[in-house]
Amino acid sequence: MPFDGGAAGLSFSFQSPHFPDTYNLGENTSPTPTMLCSSFRSASASLGLGRRAVSTIAQKYSKAVYSAALSKSPQTLTKVQSELNAISNVIKEVPDLKAFVSNPTLSSKDRSAGLAVIYSRAEGPKKEPVSDITKNLFGVLSENGRLGETQGVIEGFNELVAKYKGELEVVVTSATPLPKDLSSRLETILKQSQTAQQAKSLKISNKVNPSVLGGIVVDFGDKSIDLSVSSRVNKLNNILQQSV
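Cut-offs used in this document
- Every chain begins its residue count from 1, and numbering advances along the sequence as written.
- With pLDDT at 70 or above as the cut-off, local features in this predicted model cover only qualifying residues; side-chain atom pairs require 80 or more to be listed or tallied, and sums for whole chains, interfaces and linings still use all residues.
- Values shown for side chains rest on all heavy atoms present in the structure; no hydrogens or waters enter the calculation.
- Working definition of a nonpolar core: buried Ala, Val, Leu, Ile, Met, Phe, Trp, Tyr and Cys residues. They are joined through side-chain atoms within 4.5 Å.
- Think of it in three bands: residues with accessible area under 20% of the maximum for their type are buried, residues over 50% are exposed, and the middle band is partly exposed, with areas taken using a 1.4 Å probe on protein chains only.
- To qualify as a helix, a DSSP run of H or I must reach at least 4 residues; to qualify as a strand, a run of E must reach at least 2; elements of each kind are numbered from the N terminus.
- Whether two residues are in contact is decided by their heavy atoms: any pair within 4.5 Å suffices.
- Only the stretch in contact is used when fitting a helix axis, every axis being a line fitted to C-alpha atoms; angles between N-to-C directions are given from 0 to 180 degrees.
- Throughout this description, any angle smaller than 35 degrees is read as roughly parallel, any larger than 145 degrees as roughly antiparallel, any in the 65 to 115 degree range as roughly perpendicular, and the remainder as oblique.
- Note on convention: the crossing is left-handed when the near helix lies turned anticlockwise from the far helix by less than a right angle, right-handed when the turn is clockwise.
- Each residue receives one of three labels: charged for Asp, Glu, Lys and Arg, nonpolar for Ala, Val, Leu, Ile, Met, Phe, Trp, Tyr, Cys and Pro, and polar for the others, Gly being one of them.
- Just to be clear on terms, a salt bridge is a Lys or Arg side-chain nitrogen sitting within 4 Å of an Asp or Glu carboxyl oxygen.
- A pair of strands is treated as paired once DSSP finds two or more bridges between them.

Student: Would you take a moment to explain the nonpolar core for this structure?
Tutor: Generally speaking, a soluble globular protein has its nonpolar side chains buried in company with each other. Ile118, Leu137, Phe138 and Phe157 are the most contacted members of the largest nonpolar core, which has 31 residues in total. Those elements that place two or more of their residues in this core are α2 (56–72), α3 (74–93), α4 (95–101), α5 (108–122), α6 (132–143) and α7 (150–165). In terms of residue count, the dominant contributor to this core is α3 (six residues). The residues contacting Phe138, other than those within four sequence positions of it, are Leu84, Ile87, Leu115, Tyr119, Leu147 and Thr150. Counting residues in hydrophobic clusters, the runner-up holds 13 residues, among them Val172, Leu190, Ala196 and Ile225.

Student: Please explain the packing of α2 against α3 as it appears in this structure.
Tutor: The geometry of a pair of packed helices is captured by two quantities: the angle between their axes and the separation between those axes. Contact pair α2 / α3: the axes reach a minimum separation of 5 Å and the direction vectors enclose 140 degrees. Overall, the two elements α2 and α3 adopt an arrangement that is oblique. In this structure, α2 crosses over α3, and the sense of that crossing is right-handed. Here Val65, Tyr66, Ala69, Leu70 and Lys72 of α2 come into contact with α3, specifically with Thr76, Leu77 and Val80. Across the contact of α2 with α3, the residue classes tally to six nonpolar, one polar and one charged.

Student: Got a minute to help me understand the pattern of salt bridges in this structure?
Tutor: Think of it this way: side chains of opposite charge can pair up when their charged atoms draw near. Counted under the stated rule, the structure contains two salt bridges. Lys79 is paired through a salt bridge with Glu83; the nearest N and O atoms lie 2.9 Å apart. Within this pair, Lys79 and its partner Glu83 are both found in helix α3, separated by four residues, close to a single helical turn. For Glu83, a relative accessible area of 7% corresponds to the buried category. Among the ionic pairs, Lys79 bridges to Glu128, the shortest N-O distance being 3.2 Å. One end of the pair, Lys79, is in helix α3; the other, Glu128, is in the loop between α5 and α6, and 49 residues separate them in sequence. Taking relative accessible area as the criterion, Lys79 reaches 28% and is therefore assigned partly exposed. Its relative accessible area of 47% is what places Glu128 among the partly exposed residues. Linked through salt bridges whose partners overlap, the residues forming this network are Lys79, Glu83 and Glu128.

Student: Looking at this structure, I do not really get the pairing of strand β5 (residues 223–228). What am I missing?
Tutor: Successive residues of a regular strand alternate their side chains across the two faces of the sheet. Where burial is concerned, most of β5 is hidden: five out of the six residues are buried. Pairing between strand β4 (residues 215–220) and β5: six bridges, direction antiparallel. Bridging from a neighbouring strand, Asp219 pairs with Ser224 of β5.

What follows is the structure, given as structure tokens:
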């Protein structure tokens, strides 16, 4: 079906040993702020951090576009990052475009039309043309039937840029927005970690995802610490299935 151009991503779960293997699935399933901070402090200090499941294919494209942009100049690297983040936002916000990149059966003509829409929307109000590096990336993704890897490629690219700039970006995912006191305590703990001390700057953001049910999931670099209620429920389900 032709693309009409209308209004149109990774965590490996780390099970903290500091949560008991007993489960209360009533109203008070969420760990308290003190429990979370204590568990996170112990988990972040341990050597058993989980590594996020990153697509090997996406990593290859991320490294390729990163190398191409940096070989031009640091300014080009910044421009390409801005373009990719704009494209990422457009795909997330426009359902038709999200469906477009997820459909590997489109014809070459339809893929070209869809990419033209993405570039146009990513240019923003200033209508600054998208760079050849970014267009070449999506041209190759399209040709190889890998447009579905777009978000993973962009995430991998941003991680490489952050590492190059000495930045450490931490995303704390919770079922509801974190209270300021808990956010501040987590930030203090993070700043004390060896990883953060090696970075030039630390950026912490809170992502809300009701599916975690309670607790938090902390992603930084290619690591993840899963202290969510959903992971505990999943573990319980696995235990029950194995015992049947």
